[in-house]
Amino acid sequence: MHYTPAPRDPKAAPIRINLLSDTQTRPTPAMREAIARAEVGDEQIGDDPTVNLLCERVADLLGKEAAVFMPSGTMCNVAATLAHCRPGDELLAHATAHIIAREGGAHAALGGFQVTQLQGDDGQFTPETFRAALHPRSRYQPPQTLVSVEQTANIGGGTIWKKKALDEVAAIAKANGMITHMDGARLLNACVATKISARDMTAGWDSAWIDFSKGLGAPIGGAIAGSRAFIDDVWRWKQRLGGSMRQAGIAAAACVYALDHHVDRLADDHANARALARGLSQIDGIEVQEPETNLVFFKPDGAGVPGDKMVEALRKRGVLLAMMDGRIRACTYLDISAAMIEETVGHVREIVRSA
Ligand SMILES: *Cc1c(COP(=O)(O)O)cnc(C)c1O
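As the structure is a prediction and not an experimental result, all values here were calculated from the model. (Residues numbered from 1 in each chain as written. Predicted model: local features only at pLDDT ≥ 70, side-chain atom pairs only at ≥ 80, totals over all residues. Heavy atoms only, no water.)

Caption draft 1: A look at the sheet that holds strand β3 (residues 90-94). With respect to topology, 7 strands assemble into an open sheet ordered β2-β8-β7-β6-β5-β3-β4, the strand pairing being mixed. Two strands close off the open sheet at either side, each with one partner strand: β2 (66-70) and β4 (114-118). Strand-to-strand twist of the sheet, defined as the mean angle between neighbouring strand axes without regard to direction, takes the value 20 degrees. Direction of pairing for strand β5 (residues 144-150) relative to strand β6 (residues 179-184): parallel, over a ladder of 5 bridges. (Pairing = 2+ DSSP bridges. Helix = DSSP H or I, 4+ residues; strand = E, 2+ residues; numbered from the N terminus. Axes fitted to C-alpha atoms, helices over the stretch in contact; angles between N-to-C directions.)

Listed below in structure tokens is the structure:
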């Protein structure tokens, strides 16, 4: 059976507050203008000036030799892992990682490599856990080729990997001849929250990418960076996967616009997330994970309302969010205002009161 997300029910209450995901952003009028003005060419033959500009910007931002524009973050992960690993190789990542849990098994289906799921709190594993999972190179065991981290860790609660832990994991990997990959879907959220530059955050990581279709507010796209040789390999996989595009400058223009205008403002999303968590935690019985960035995970069961019932009741009031791995996840992003956060807390309070 193939699970298909339910289409919007036309009879349901209109959605007024959409906290489902930071993928729900709509391009702003100014972004749409940038899209309309975009200079374009044939991306597949390297001839789109706006895509080329974006790739230079991302390579520079992440301190790498080169970058390539991709239709999605998922394709960044898939192409990167396929470029880094051969069949039979082992990839190590946290058990909740997107790369393991949410990409349709691409690593197994397309790459023929196996994964080791590392455990740890908040979607992160410690350097000690990583070290303990390593084995000596021998003919018996799979080559441990790649370690991947998620900055921020999505299912972990949008938590930020500390720079020190990143450096330690990278150093252990290098000492063992391994390749390092960073899924940076929300890397810039971590950078804005910590005031650590993206270049510093990804130092020690052979490949890293950022998503433009999440908090940065562009309609589509991600870009992955690394050495020139790695980017050549990624390009081949992009071609094989059907991800090479034509006048992709239309999309890249939105991404360039986002880098210029939507990075510093991620701090507003973080403030809204903190306000939401504060409001929810003041309601008796609601368990809230303290947010570090723009994701708020909470459990209302202790207040007498199971998570799925809460989601349903909020939906009737025009507030959209969803369960994720047993908790409710709310995301803040540029279309979510402080007033919407206050209103959401009010709805949750009323739903709990009437339960
Ligand atoms: C969303 C996400 C992805 C995939 O990005 P898409 O652009 O949706 O394909 C990968 N990793 C993490 C951590 C994500 O949150």
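Caption draft 2: The site of the ligand, seen in detail. In the vicinity of the ligand there are 14 residues, among which T74, D183, R186, D211 and K214 approach most closely. A distance of 2.9 Å separates an oxygen atom of the ligand from a polar atom in the side chain of R186. The side chain of K214 places a nitrogen or oxygen atom 2.8 Å from an oxygen atom of the ligand. A total of 380 Å² of accessible area belongs to the ligand in isolation, and the protein chains cover 87% of it. Taken together, the elements giving at least two residues each to the shell around the ligand come down to α3 (73-84) and β7 (207-211). Ranked by the residues each element gives to the shell around the ligand, the list is headed by α3, at 3 residues. The residue makeup of the shell around the ligand, split by class, is 2 nonpolar, 7 polar and 5 charged. (Near = heavy atom within 4 Å. Polar contact = N/O pair within 3.5 Å; in protein donor to acceptor, adjacent residues only side chain to side chain. Areas by Shrake-Rupley, 256 points an atom, 1.4 Å probe, with all protein chains shown as cover. Nonpolar A, V, L, I, M, F, W, Y, C, P; charged D, E, K, R; others polar.)

Caption draft 3: Focus on unusual backbone geometry. A cis amide bond links Q151 to the next residue, T152, at an omega of -5 degrees. Assignment of secondary structure puts T152 in the loop between β5 and α7 (163-175). For D325, which is not glycine, the phi dihedral falls at a positive 50 degrees. With respect to the element layout, D325 can be found in the loop between β12 (322-324) and β13 (327-331).

Caption draft 4: View of the pattern of salt bridges. Scanning the model with the defined rule gives 15 salt bridges in all. Linking D206 and K174 is a salt bridge whose minimum nitrogen-to-oxygen distance equals 2.5 Å. On the criterion of sequence distance, the pair formed by D206 in the loop between α9 (198-201) and β7 and K174 in helix α7 is long-range, its members being 32 residues apart. When its relative accessible area of 29% is taken as the criterion, D206 is described as partly exposed. (Salt bridge = Lys/Arg side-chain N within 4 Å of Asp/Glu carboxyl O. Buried < 20%, exposed > 50% of the residue type's maximum accessible area, 1.4 Å probe, protein only.)

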